[in-house]
Number of protein chains: 2
Amino acid sequence: MAPRWKGKGAEAKALADPVSKIVAQLQSSLIQTSASGILSGCSVLIAAEAEQTDLFSRACFGRPIVTVDKDKQWFQLSLEEAFFLCYSLKCLKIKVGDSSPKSYEELWHCMITRKETFSDLYKAYSHLRMKNWVVKSGSQYGVDFVAYRHHPSLVHSEYAVLVLSEGVGNDLNGRLRVWSDFHCTTRLCGSVVKTLLVLYINRNGNSNVSPLCLEKYTVEERTVSRWSPEQCREE
Amino acid sequence: MAPRWKGKGAEAKALADPVSKIVAQLQSSLIQTSASGILSGCSVLIAAEAEQTDLFSRACFGRPIVTVDKDKQWFQLSLEEAFFLCYSLKCLKIKVGDSSPKSYEELWHCMITRKETFSDLYKAYSHLRMKNWVVKSGSQYGVDFVAYRHHPSLVHSEYAVLVLSEGVGNDLNGRLRVWSDFHCTTRLCGSVVKTLLVLYINRNGNSNVSPLCLEKYTVEERTVSRWSPEQCREE
């Protein structure tokens, strides 16, 4: 399935301004201002400078939230987005309450405590982000993530992403276990013109007690499509 | 959601010729000819007389299959359809191979051996059929059944039916366990304009060793719909 660009010129616009470049700009801007966010529930809040507001939006991290604070635009980042900026891009510090910024180990522990599926979802999220896919929540489509080739204003999301894992008792394993769920998912993906991408996180026998485990996890990728015997017949 | 009739006059046509009447005609015709079917794999094959061919189609049991036999039209019934005609309507005998017709107990045993979820699916199927819903396979939509108010040529199916059960290790329990599956299912149902109907089969502590258990099973019905906060706001 080819990417579905939104209107004329969208593809050229995307090519002229690659996601990798925008993310690098955001990274360098956050480093220069020693940006920090605050962990709150299952998200991280950050007050962005004017330039950063633009970069957060263009790089598709978080969503702007309305506050009484007129001078600063606040952004709400998901745990995966925040940890990616913090741990993988090393451009964001994260605090819990009024304390000093947490170490990677402490943060990781906070996150897997708040969301038991965090380690596998983060592996999947960072795996796609590292390849310059724009990754957003897929809850609207009943999947874990949706992946875009570029900014959602320029292109429709191409992949509906489900993350499965071998982790015992892991909620991620509740999906695609029976045929009716498989049919339901591929049919829905078809009707919203997305390809189902299943990322299977193989922990290779490692636990999830530290972010160092991420390097030892591997990712198997499968796309799943409906197949119609009528379409494949002899003439 | 109101029933979606197919074209003008469809509703009047349906009212003039209720499903209960058509099924009663099929029942009496099958009794008169001492009809019998043959269990083959996960379906039951039956050679229909001319009048019965029409009644099978109008009552929506089975699907016609093409054979070299020009004098008779063969129908392929699902296990639920066949057992409903045999056990609930007492108008069809079922043989296995060349033997004499099987008793209800023997047939039940054959069916739960071939399909481990049969007892719960049959309870759901017969529950809806007894209330004069037309029930067909829902595999196209990733659910167990779809339910129509009348014949599919007159009306679109209104309900996508998922059957859940307390039976241990039962495949039926693989659905709706995680939120992403819930979202996926309700979103798909919305996009095909059906309401999700979840039938929860409560075995009330009874096993499934005999068809007599069916009377002891109870059915809880729930419809599940998406709710949008925007639609329910103050003016």
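Only a predicted model underlies this, so the values are computations on that prediction, with no experimental measurement involved. (Residues numbered from 1 in each chain as written. Chains lettered and ligands numbered in written order. Predicted model: local features only at pLDDT ≥ 70, side-chain atom pairs only at ≥ 80, totals over all residues. Heavy atoms only, no water.)

Asks: Can you explain the interface of chain A and chain B? Please cite residues and give values.
Replies: Chain A puts 20 residues into the contact, and the matching count from chain B is 20 residues. Counting the surface lost from both chain A and chain B, the interface buries some 1700 Å², and carbon and sulfur atoms represent 59% of this. Its largest share of buried area at the contact with chain B, chain A owes to V178, C184 and R187 of chain A, together 30% of the area lost on that side. Counting the contacts that link chain A with chain B gives zero salt bridges. Linking chain A with chain B are six residue pairs in polar contact (both at pLDDT 80 or more), by the criterion used here. For the side of chain A that touches chain B, the leading source of residues is helix α7 (residues 179-191) of chain A, giving eight residues. Residues of the side of chain A that touches chain B, tallied by class, amount to seven nonpolar, eight polar and five charged. (Contact = heavy atoms within 4.5 Å. Buried area = accessible area lost by both parts, 1.4 Å probe. Salt bridge = Lys/Arg side-chain N within 4 Å of Asp/Glu carboxyl O. Polar contact = N/O pair within 3.5 Å; in protein donor to acceptor, adjacent residues only side chain to side chain. Helix = DSSP H or I, 4+ residues; strand = E, 2+ residues; numbered from the N terminus. Nonpolar A, V, L, I, M, F, W, Y, C, P; charged D, E, K, R; others polar.)

Asks: Please provide a residue-by-residue account of the confidence of the model for chain A, values included.
Replies: All names here are of chain A. For chain A, the average pLDDT comes to 92, and 94% of its residues sit at 70 or higher. At the low end of the mean pLDDT range in chain A sits α7, at 90; at the high end sits helix α4 (residues 79-88), at 98. Among the prediction metrics, the complex's ipTM stands at 0.78, with pTM recorded as 0.84. (pLDDT = per-residue confidence, 0-100.)

Asks: Quick one: what's the story with the sheet that holds strand β9 (residues 195-202) of chain B, residue by residue and with numbers?
Replies: In sheet architecture, strand pairing relies on hydrogen bonds along the backbone and comes in two forms, parallel and antiparallel. Residue and element names in this part refer to chain B. Overall, mixed pairing links the five strands, which are arranged β6-β7-β8-β9-β10 in an open sheet. The open sheet has two free edges, formed respectively by β6 (134-137) and β10 (218-224), since each of these has just one partner strand. Between one strand axis and the next, the sheet turns by 30° as a mean value, whatever way the strands run. As judged from the four bridges shared by β6 and strand β7 (residues 145-148), these two strands associate in the antiparallel manner. (Pairing = 2+ DSSP bridges. Axes fitted to C-alpha atoms, helices over the stretch in contact; angles between N-to-C directions.)

Asks: A description of the relation of the copies chain A and chain B should follow, citing residues and the corresponding values.
Replies: Mapping chain A onto chain B calls for a rotation angle of 180° and an axial translation of 0.0 Å; the resulting RMSD is 0.0 Å. Taken together, the rotation and translation describe the operation of a two-fold axis. Closest approach to the rotation axis among the C-alpha atoms of chain A is made by L188 of chain A, whose C-alpha sits 2.7 Å away. Interface overlap between copies is the fraction of interface residues in one copy that are interface residues in the other; for chain A against chain B it reaches 100%, indicating a shared surface. (Least-squares fit on C-alpha atoms with pLDDT ≥ 70 in both.)

Asks: Would you mind going over the packing of helix α4 (residues 79-88) of chain B against helix α6 (residues 118-130) of chain B in detail, with residue names and values included?
Replies: All names here are of chain B. Closest axis-to-axis distance for the α4/α6 pair is 10 Å, and the angle between their directions is 65°. What the angle tells us is that α4 and α6 run roughly perpendicular. Crossing of α4 against α6: the hand is right-handed. Contact residues: α4 offers L79, E80, E81, F83, F84, Y87 and S88, while α6 offers F118, L121, Y122, Y125, S126, R129 and M130. For the contact of α4 with α6, the per-class residue count stands at nine nonpolar, two polar and three charged. (Parallel < 35°, antiparallel > 145°, perpendicular 65-115°, else oblique. Left-handed = near helix turned anticlockwise from the far one by under 90°.)

Asks: Run through the domain arrangement of chain A, naming residues and quoting values.
Replies: All names here are of chain A. One can read the domain layout of chain A as domain 1 (10-115) and domain 2 (116-235). Relative placement of domain 1 and domain 2: their C-alpha centres are 23 Å apart. Taken together, the contact between domain 1 and domain 2 spans 29 residues of the former and 27 residues of the latter. Each partner contributes to the roughly 2400 Å² buried at the junction of domain 1 and domain 2, and carbon and sulfur atoms together form 68% of this total. (Domains from an automatic or database assignment.)

Asks: Go over the sheet that holds strand β1 (residues 36-40) of chain B with me, naming the residues and quoting the values.
Replies: Residue and element names in this part refer to chain B. Read across the sheet, five strands follow the order β3-β4-β2-β1-β5 without closing on themselves; strand pairing throughout is mixed. Whereas interior strands pair on both sides, the edge strands pair on one side only; in this sheet they are β3 (63-65) and β5 (93-96). When the angles between neighbouring strand axes are averaged without regard to direction, this sheet yields 35°. Here β1 runs beside β5; their pairing, made up of four bridges, is parallel. Directly across from G37, in β5, lies its bridge partner I94. Helix-sheet contacts for α4 involve β1, β2 (43-48), β4 (73-78) and β5, and the interaxial angle to β4 is about 100°.

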